[in-house]
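Coordinate inspection notes
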Amino acid sequence: MADRDVVFRVKRYRPERDSKPAYKRYRFPYRNDMVVLDGLTYIKDTLDPTLTFRWSCRMGICGSCGANVNGQARLTCGTYIRDVHRGVVTIDPLANFPIIKDLVVDFDDFLNKLA
């Protein structure tokens, strides 16, 4: 059972059709135990199958689900919607990385420098 609705304002970018990123809003029901990744998954499964984002372990270890949530870099699998919901939750790709598509960024340069 849903507690209430939340609005996610997600930065979208599909290079094959968009000249620059733009925000799209999604309203959906959420429960207190849902994390931001659950919300993104709900959007992809129910509202917009074209939404693209990364995730892997869902345990806060791998870091693949990282995104900026309300202006702060966070792991979406460990960030509860209830903790960041202040009207609208804004989700952007991580800053300072080239955007590949929607919330997916290119880590290659970072990983090469790390090696």
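Procedures and definitions
- Residues numbered from 1 in each chain as written.
- Predicted model: local features only at pLDDT ≥ 70, side-chain atom pairs only at ≥ 80, totals over all residues.
- Heavy atoms only, no water.
- 1 Å grid on protein atoms, 1.4 Å probe; cavity = no way out; pocket = protein on both sides within 12 Å on 5 of 7 lines; lining within 4 Å.
- Points joined across faces, edges and corners; volume = space filled by probe spheres on them.
- Nonpolar A, V, L, I, M, F, W, Y, C, P; charged D, E, K, R; others polar.
- Salt bridge = Lys/Arg side-chain N within 4 Å of Asp/Glu carboxyl O.
- Helix = DSSP H or I, 4+ residues; strand = E, 2+ residues; numbered from the N terminus.
- Buried < 20%, exposed > 50% of the residue type's maximum accessible area, 1.4 Å probe, protein only.

1. Focus: empty space enclosed by the protein
Per the stated rule, a full pass over the model turns up 2 cavities of 30 Å³ or more. A volume near 40 Å³ is recorded for the largest cavity. Taken together, Leu40, Phe53, Arg54, Ser64, Cys65, Gly66, Ala67, Thr76 and Leu103 make up the lining of the largest cavity. Residue composition of the lining of the largest cavity, by class: 5 nonpolar, 3 polar and 1 charged.

2. With respect to the pattern of salt bridges
Considering all chains together, one arrives at 8 salt bridges under this definition. With its nearest N and O atoms 3.6 Å apart, the salt bridge here joins Lys11 to Asp92. One end of the pair, Lys11, is in strand β1 (residues 4-12); the other, Asp92, is in strand β5 (residues 88-92), and 81 residues separate them in sequence. The class for Asp92 is buried, based on a relative accessible area of 13%. Across the salt bridge formed by Asp48 and Lys24, the nearest N and O atoms sit 3.5 Å from each other.

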